[in-house]
Amino acid sequence: MTINRLKHFRVMNAETQTQAAKAAGVTQPTYQRWETGKTEIPKSHLAKLAKHFKTTELELLGRHPPKEAAFYDDEAPLDLQYYGECAVHFGGGGEPLVLSISEAAHVQAYHELQSSKRFIVIKDLGNRTVAIRHKAISEFYFSSEAYDTYGPDHDDYKLATPIQMPDTRDWAIVEAIRDEEIVGGDYTSDFAKDDVERVQRQIMITDEQFDELVAKGVIKPEDLAIEKAERAAETDEIVALAHTVTVQFSTGKRREIADVDCNLFECIEPLIDIHYSHSGNDEDEPNMIRLPYEGYHRTVFFNPDLLDYISFPTHKIEEDEVESYDDGLIDGDEANSDDAMVIKLPKTKRGRGRNEN
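Below is a short write-up of the structure. (Residues numbered from 1 in each chain as written. Predicted model: local features only at pLDDT ≥ 70, side-chain atom pairs only at ≥ 80, totals over all residues. Heavy atoms only, no water.)

## Re the pairing of strand S2 (residues 97-102)
Within S2, six of the six residues are buried, leaving the element largely enclosed by the surrounding structure. Because side chains alternate across S2, one face comprises the buried residues Leu-97, Leu-99 and Ile-101, and the other comprises Val-98, Ser-100 and Ser-102, equally buried. Of the strand pairs in this sheet, strand S1 (residues 82-90) and S2 are connected by six bridges, and their pairing is antiparallel. When the bridges of S2 are listed, Val-88 appears paired with Leu-97. In textbook terms, the turn of a hairpin is the stretch between consecutive antiparallel strands, and for S1 and S2 this stretch comprises six residues, one of which, Gly-93, has a positive phi near 90°. (Buried < 20%, exposed > 50% of the residue type's maximum accessible area, 1.4 Å probe, protein only. Helix = DSSP H or I, 4+ residues; strand = E, 2+ residues; numbered from the N terminus. Pairing = 2+ DSSP bridges.)

## Quick word on the pattern of salt bridges
In the structure shown here, the tally under the stated rule is 23 salt bridges. Its salt-bridge partner being Arg-254, residue Glu-95 comes within 3.8 Å of it at the nearest N-O pair. Of this pair, Glu-95 sits in the loop between S1 and S2 while Arg-254 sits in strand S7 (residues 254-258), and the two are 159 residues apart along the sequence. Here Glu-95 falls in the partly exposed class, since its relative accessible area comes to 38%. If you follow the salt bridges from partner to partner, you end up with Lys-7, Arg-10, Glu-35, Glu-323 and Asp-326 in one network. (Salt bridge = Lys/Arg side-chain N within 4 Å of Asp/Glu carboxyl O.)

## Thoughts on the nonpolar core
Counting residues in each nonpolar core, the largest one holds 28 residues, and the members touching the most others are Val-245, Val-260, Leu-264, Leu-291, Phe-302, Ile-310 and Phe-312. Take this core: its biggest share by element is four residues, from helix H11 (residues 264-268). The contact partners of Phe-302, leaving out residues within four places of it in the chain, are Val-247, Phe-249, Ile-257, Met-288, Ile-289, Leu-291, Leu-307 and Ile-310. (Core = buried A, V, L, I, M, F, W, Y, C linked by side-chain atoms within 4.5 Å. Contact = heavy atoms within 4.5 Å.)

## Let's talk about the side chain of Thr-314
Tracing the chain through its elements places Thr-314 in helix H12 (residues 314-328). Assessed through its relative accessible area of 4%, Thr-314 is described here as buried. Setting aside its immediate chain neighbours within four residues, Thr-314 contacts Lys-123, Asn-127, Arg-128, Thr-129 and Thr-168.

## Notes on the packing of helix H2 (residues 17-24) against helix H4 (residues 43-52)
Where H2 meets H4, the closest approach of the two axes is 9 Å, and the angle between their N-to-C directions is 115°. The handedness of the crossing between H2 and H4 comes out as right-handed. Two secondary-structure elements touch here, H2 through Ala-20, Ala-23 and Ala-24 and H4 through His-45, Lys-48, Leu-49 and His-52. Looking at the contact of H2 with H4 residue by residue, the class counts come to four nonpolar, two polar and one charged. (Axes fitted to C-alpha atoms, helices over the stretch in contact; angles between N-to-C directions. Left-handed = near helix turned anticlockwise from the far one by under 90°. Nonpolar A, V, L, I, M, F, W, Y, C, P; charged D, E, K, R; others polar.)

This is the structure:
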């Protein structure tokens with residue numbers, strides 16, 4: 001049975017399971033079995049829940065068409081419209097950071113660069129949410145899709161995200177594919193078979209596909225081993241985006257922390273909307289950034305004043321955000337009290353449309 005998105009919509013609507021069950025006209029234990037995927041949601045109740053959460057039945061089931069980066073499509077949502085790239089250079093001389101970003105990300109970064117925020121947070125189109133220290137930046141270049149270069153050092157840049165795949169559900173599938181290859185099991189069974197096959201085609205070339213390319217003369221038999229090695233390296237680079245936290249320091253030193261097992265939303269939350277203190281009160285600014293990447297067994301603290309940036313897998317942040325908010329919701333009779341948690345989601349920022357030449 002594929003994973004549904006009932007929990008996502010319930011939590012983002014700031015409701016407990018009891019409240020969602022009441023809206024569906026069932027008991028909380030029945031609703032819980034639906035949300036955890038233990039039993040299928042009856043069609044009549046699915047329609048009622050879709051109406052209640054102001055979404056579609058396919059959205060609730062996690063089966064809606066994948067979100068894709070939109071090119072030259074002003075009708076697409078701003079967070080999917082491809083703006084181009086941003087190239088960030090750092091005063092410490094570390095490697096530049098180049099991200100493919102949406103129109104929404106462009107508008108937000110453009111605004112935050114002129115603010116007093118300690119960290120600028122950018123979500124790119126390839127599963128990276130990056131917190132960049134404002135004072136570490138020496139140059140920040142925006143290059144729209146109208147340009148063939150990413151910035152002044154175009155030939156020397158390396159894209160941090162080599163694939164534009166903005167749907168975080170697809171990255172959960174990438175993570176499941178990797179888990180199956182490493183530890184075995186059947187992790188991909190939680191997703192629709194068609195979606196798994198589609199994502200596989202996006203991130204890798206199978207042996208069968210290589211055989212077809214050789215048969216068609218696209219690849220020479222004597223070059224097959226080299227082609228396979230190059231494609232495998234590209235696939236490994238893409239897959240790493242699903243499970244790796246990257247940190248670059250002002251010295252230029254970079255750390256890659258793989259298989260992070262902690263709540264990444266709680267790690268990045270202190271970096272969001274933090275302003276420089278003008279009153280001398282630094283209580284709201286973290287002295288250190290904590291990353292308990294193996295829970296009790298391994299924890300690292302980073303000095304935020306010595307960072308260029310820290311980069312997280314976006315799909316993991318979004319998953320952990322739901323878990324964090326769900327932990328704060330109060331169930332039962334307390335849900336209607338003054339102490340009940342109220343989640344206020346950020347308003348969508350509307351930016352100007354892209355100018356066509």
